[in-house]
Amino acid sequence: MSKQSELHNTSANWNVETRMVHSGTMRSPFGETSEALYLTQGFVYETSEAAEARFSGDDEGYIYSRYANPTVTMFEQRMCALEGAEAALATTSGMAAVTSAMLCQLQAGDHVVAAHALFGSCRYVIETLLPRFGISYTFVDGKDLGAWKAAMRPETSVLFLESPTNPTLEVVDIAAVAALAKENNARLVVDNVFATPIWQKPLELGADVVVYSATKHIDGQGRCLGGVVLSTQDWIDEYLFDFYRHTGPGISPFNAWVLLKGLETLPLRVGQQSKNAKQIADAIAGQNDITRLIYPGREDHPQADIVKKQMGAGSTMVAFEFEGGKQQAFAFQNALEIIKISNNLGDAKSLITHPATTTHKNLTDENREMLGISEGLVRLSVGLENADDLIDDILMAIETVNR
Ligand SMILES: *Cc1c(COP(=O)(O)O)cnc(C)c1O
């Protein structure tokens, strides 16, 4: 629907903070300051002729909120202004975004190559759902470009990856995988949640499609689920547009409104959370009992060179491992006072997770070991609290564990 591009009011000269406050705003005749929440299912037409024109496409107005809604359009346009994308469609969750982005462009006989370190539900979609429809897959070590190359087949049509990965924060060379996709006439889809749209721009690196769980940093305050798929106008028109309209993964206007307002503070929040994360990683480094510390913004990250090439900063996530395994990791989590135990991430509240017993408990022991998810590993999503308070909390809990 080109209505959306018509309404796109972004100045190319604006910096990201300005764009996140103003881009995509469509004011009603009342001239409201804050974006309006159009909580409506449908739209009415002045005349039968007007309805006919709307349906024939001669008039590009709204028809039904499963297709498009003005509040949702504002969120999509602000996301386009953030990502530098031509077009976007917002979905009810991050998983609706991933599933739609995959299913809309795949058919029986196609083959998918994906990095094996994936968010659990993404893994389900590729490993369990797609094969039911005759779509095969190969999982590869995302760090190993040779493995990506070796997995390519004539019928490979989609490549999929996350970077940094969950929970071990490994980094995949997005530009290299994107180039491989192009050589093979395949398309690369990147789940960019862990990097955030502030620090990594997969489309600029050559990816064809970017997906987000907006549930994470884009809301960032723990309120509602949402997702978004961004790409070129051509890709959206050819693959996603009809799929989205007719299968109904669209986001509710209310959730789109919450996320739209979340975008106003996204650069500030992610900036501060990432600064906090770096300080925390530096404070944890060298603590006794911590056998492994992973933060993409540190020089000792195994792929620090790729991080420098494709990320603006190390993100809001830190992972570390206790020598004493599950028992020590549990005792550490239980001793924390400010940091809450939760499987979520990207929130203003700092959240800690023990992946082996929660988010990644469904993997086989063998897969967990291959992915480096040990019994002692914890994943910290750093929030907006004062960094010194968070460091005190963490060092206090480490000390408790050592007693
Ligand atoms: C949370 C998450 C998802 C799924 O998003 P929901 O909004 O929970 O559906 C997908 N990928 C990654 C990397 C995530 O962190």
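Q: How would you explain the domain arrangement of the protein chain if you had to name every residue and give the values?
A: In terms of domain boundaries, the protein chain breaks down into domain 1 (16-262) and domain 2 (267-402). If you average the C-alpha positions of domain 1 and of domain 2, the two centres end up 27 Å apart. On the domain 2 side, the residues contacting the 36 residues of domain 1 number 37 residues. Between domain 1 and domain 2 lies a buried interface of about 3000 Å² when both sides are counted; carbon and sulfur atoms form 62% of it. On the domain 1 side of the contact with domain 2, L169, W199 and H217 bury the most area, a combined 25% of that side's loss. Seen at the junction of domain 1 and domain 2, the total is 15 residue pairs in polar contact (both at pLDDT 80 or more). Mapped onto the side of domain 1 that touches domain 2, the elements with two or more residues apiece are α2 (16-22), α8 (174-183) and α9 (196-199). Considered class by class, the residues forming the side of domain 1 that touches domain 2 number 18 nonpolar, 11 polar and seven charged.

Q: How would you summarise the packing of helix α11 (residues 253-284) against helix α15 (residues 387-402) if you had to cite specific residues and measurements?
A: At a minimum axis separation of 10 Å, α11 and α15 run at an interaxial angle of 35°. Considering how the two elements wind past one another, α11 and α15 form a crossing that is right-handed. Contacts from N276, Q279, I280, A283 and I284 of α11 reach α15 at A387, D388, L390, I391, I394 and L395. Tallied by class, the residues present in the contact of α11 with α15 amount to eight nonpolar, two polar and one charged.

Q: How would you summarise the nonpolar core if you had to cite specific residues and measurements?
A: Among the nonpolar cores identified, the biggest contains 31 residues, and F75, M79, I218, L230 and L263 are the most heavily contacted of them. Residue assignment for this core shows that the elements contributing at least two residues are α4 (70-83), β1 (87-91), α9, β6 (209-213), β7 (227-231) and α11. Apart from residues lying up to four places away in sequence, M79 is in contact with Y212, I218, V228, L230 and L263. In this structure, V98, F139, V211 and Y244 belong to the second largest nonpolar core, which totals 28 residues.

Q: How would you sum up the site of the ligand? Please name residues and give values.
A: In the vicinity of the ligand, 13 residues are found, and the nearest of them are G94, D191, S213, T215 and K216. At a separation of 2.8 Å, an oxygen atom of the ligand approaches a polar backbone atom of G94. S213 is positioned such that a nitrogen or oxygen atom in its side chain is 2.8 Å from an oxygen atom of the ligand. Compared with its free state, where it exposes 380 Å², the ligand has 91% of that area covered by protein.

Parameters at a glance
- Residues numbered from 1 in each chain as written.
- Predicted model: local features only at pLDDT ≥ 70, side-chain atom pairs only at ≥ 80, totals over all residues.
- Heavy atoms only, no water.
- Domains from an automatic or database assignment.
- Contact = heavy atoms within 4.5 Å.
- Buried area = accessible area lost by both parts, 1.4 Å probe.
- Polar contact = N/O pair within 3.5 Å; in protein donor to acceptor, adjacent residues only side chain to side chain.
- Helix = DSSP H or I, 4+ residues; strand = E, 2+ residues; numbered from the N terminus.
- Nonpolar A, V, L, I, M, F, W, Y, C, P; charged D, E, K, R; others polar.
- Axes fitted to C-alpha atoms, helices over the stretch in contact; angles between N-to-C directions.
- Left-handed = near helix turned anticlockwise from the far one by under 90°.
- Core = buried A, V, L, I, M, F, W, Y, C linked by side-chain atoms within 4.5 Å.
- Buried < 20%, exposed > 50% of the residue type's maximum accessible area, 1.4 Å probe, protein only.
- Near = heavy atom within 4 Å.
- Areas by Shrake-Rupley, 256 points an atom, 1.4 Å probe, with all protein chains shown as cover.

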